[in-house]
Structure formats: structure tokens, C-alpha cells
Amino acid sequence: MKKILFIIFLAPIFSCGRTQTPATVKGTITYFFNKYQGDKPDIGSKVWIVEKSSVPDFNKDLFDTAYHGSVNRSFAAFYKSSRMPIPDNIVKSLKNYRADNETTFKDIDKRNAMQLLQISSSQKAKKATVDGAGNYSFSVDPGIYYVLIQSNGRTGSTMTDIMGKQFVQVVSIKVGETSDVSHKFDQY
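Residues numbered from 1 in each chain as written. Predicted model: local features only at pLDDT ≥ 70, side-chain atom pairs only at ≥ 80, totals over all residues. Heavy atoms only, no water.

## Description of the overall build of the chain
Phase 1: When helices and strands are tallied, the chain shows four helices and nine strands.
Phase 2: Counting from the amino terminus, helix and strand elements in the chain follow one another as α-β-β-β-α-α-α-β-β-β-β-β-β.
Phase 3: With 188 residues in all, the chain has 37% of them scored as buried.
Phase 4: Counting only contacts in the chain whose residues sit at least 6 apart along the sequence, the fraction spanning at least 24 positions is 73%.
Phase 5: Surface summary for the chain: the accessible area is close to 11400 Å², and the carbon and sulfur share equals 54%. (Helix = DSSP H or I, 4+ residues; strand = E, 2+ residues; numbered from the N terminus. Buried < 20%, exposed > 50% of the residue type's maximum accessible area, 1.4 Å probe, protein only. Contact = heavy atoms within 4.5 Å. Areas by Shrake-Rupley, 256 points an atom, 1.4 Å probe, with all protein chains shown as cover.)

Encoded structure:
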């Protein structure tokens, strides 16, 4: 009887040693406040992490196209409002990211906004809110993940960025590893 009780109590301890060691994904999120005070912690920003296989329809290339298109449209708007010619490299980038045509860019932005919802509304996604120092942290099993960050301090004019600028990074995590996914949201 004592041997049976001994086995019953020790079995969970030994089986715990066979599970994967969790890994950590952490980072610091900041945003550009102004030229006098520089960067500040992006307190209240939202961060989601989800295993890549949980959102198979997410298209990182579409996100990158929308992201870079939006940034270059902001640069172009700045030059236009300053009554300065738009530099050739920005014109080239606008064409490259298909952001030079209003209808095409709105379609890209709309599709991107819809796909970001796949991550933020996934039942399998973990969510964190950035703390007062601008930090967040997740404990996860090893694997390949999407990390989606939505700024609280920086918004944009596109459908994707109206609630806060977005950033997505793919991260591959190994057993016991700590991966840093930090981001600075700039003024563009």
C-alpha cells in the first residue's frame, strides 16, 4: 500500500519533468513623442502572440506591403503639405508597395485589417498589455509565432492604423530561449 501511494505521489513529479521547457518572448514598446522628449513607453499598447499554424491564412507579405505603403504615403503627404517635390525614392516605394493608387491601396489596407483580426481574435492567441515601463512578456512553448503589436500612443489614418499603428514579427522560439520583440513606433 505504501508503495502504491509513493508511486501515485511521485508520478506527477516525474511526468512534469518530461514536458517542454517554456520559452519567453518579451520586449519593450515605445513611441516617438516629440523632438524635445524623444521616445516614451507605449503604455497600454496591446500585444498578441499566436502560433503561426493557428492562423494559416495570415499573409505576412500583405502586412508588409500595407505597412510600408502607409509609411511612404505619410512621407509623400508631408512633402505635398510642405509644397516640396516628392523625392524619387519615395515615388518608387509608393509604386513598389502599390500605394500610389488610392483604390488599390484602400483594398490592400482593408484586406490587411481583416487579416490582423485573425490574430487578435484567435482563440489560441495570448494577449498582454504593455506596462508602465513599456514592457511585456509571454511564456510560450517552443515553436514559430506571430507577434502582433498595436500601439496605444501612435495612430494612423488608414483602416489598419485608426485604432493604433500595428507591427507584426515572426519569431522562432527554441526550448528555454528568450526572444526579444521590441518595437519603436515613429511619427510616420
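## Points about the sheet that holds strand β4 (residues 126-129)
Phase 1: Taking strand neighbours across the sheet as the criterion, the four strands line up as β4-β3-β6-β7 in an open arrangement whose pairing is antiparallel. Because the sheet does not close on itself, it has two edges, and the strands there are β4 and β7 (166-173). Within this sheet the neighbouring strands show an average axis-to-axis angle of 20°, counted without direction.
Phase 2: The pairing of strand β3 (residues 46-51) with β4 spans four bridges and is classified as antiparallel. Pairing of valine 47 across the sheet is with alanine 128, part of β4.
Phase 3: Sheet strands touched by helix α4 (residues 102-120): β3, β6 (143-150) and β7. Its angle to β6, the strand with the most contacts, is close to 115°. (Pairing = 2+ DSSP bridges. Axes fitted to C-alpha atoms, helices over the stretch in contact; angles between N-to-C directions.)

## Details of the packing of helix α2 (residues 60-81) against α4
Phase 1: At their nearest, the axes of α2 and α4 sit 9 Å apart, and the two run at 130° to each other. Overall, the two elements α2 and α4 adopt an arrangement that is oblique. Considering how the two elements wind past one another, α2 and α4 form a crossing that is left-handed. Between α2 and α4, the contacting residues are Leu62, Phe63, Thr65, Ala66, Gly69, Ser70 and Arg73 on the first element and Glu102, Phe105, Ile108, Arg111, Asn112, Gln115 and Leu116 on the second. (Parallel < 35°, antiparallel > 145°, perpendicular 65-115°, else oblique. Left-handed = near helix turned anticlockwise from the far one by under 90°.)

## Thoughts on the pattern of salt bridges
Close approach of charged atoms lets side chains of opposite charge pair.
Phase 1: In total, this model carries five salt bridges according to the counting rule given.
Phase 2: Aspartate 64 is paired through a salt bridge with lysine 60; the nearest N and O atoms lie 2.8 Å apart. Within this pair, aspartate 64 and its partner lysine 60 are both found in helix α2, separated by four residues, close to a single helical turn.
Phase 3: For aspartate 64, a relative accessible area of 23% puts it in the partly exposed group.
Phase 4: Where salt bridges share partners, they join Arg73, Glu102 and Lys106 into one cluster. (Salt bridge = Lys/Arg side-chain N within 4 Å of Asp/Glu carboxyl O.)

## Comments concerning empty space enclosed by the protein
Using a probe with the size of a water molecule, rolled over the atoms, empty space left in the structure can be pinpointed.
Phase 1: For the structure shown, the criterion picks out one cavity of 30 Å³ or more.
Phase 2: For the largest cavity, the calculated volume is near 160 Å³.
Phase 3: As for the largest cavity, its lining consists of 18 residues, and the residues nearest its centre are Tyr67, Ser70, Asp161, Lys165 and Gln166.
Phase 4: Mapped by element, the contributors of at least two residues to the lining of the largest cavity are α2, α4 and β9 (183-185).
Phase 5: For the lining of the largest cavity, the element with the highest residue contribution is α2, accounting for five residues.
Phase 6: For the lining of the largest cavity, a count of residues per class yields seven nonpolar, six polar and five charged. (1 Å grid on protein atoms, 1.4 Å probe; cavity = no way out; pocket = protein on both sides within 12 Å on 5 of 7 lines; lining within 4 Å. Points joined across faces, edges and corners; volume = space filled by probe spheres on them. Nonpolar A, V, L, I, M, F, W, Y, C, P; charged D, E, K, R; others polar.)

## Points about the packing of α2 against helix α3 (residues 88-96)
Phase 1: One way to put it is that α2 packs onto α3 with a least axis distance of 9 Å and a crossing angle of 140°. Considering their axes alone, α2 and α3 lie oblique with respect to each other. As α2 packs across α3, the resulting crossing turns out to be left-handed. Note on element contacts: α3 touches α2 through Ile90, Ser93 and Leu94, opposite Gly69, Asn72, Arg73, Phe75, Ala76 and Tyr79.
Phase 2: Partitioning the contact of α2 with α3 into residue classes produces five nonpolar, three polar and one charged.

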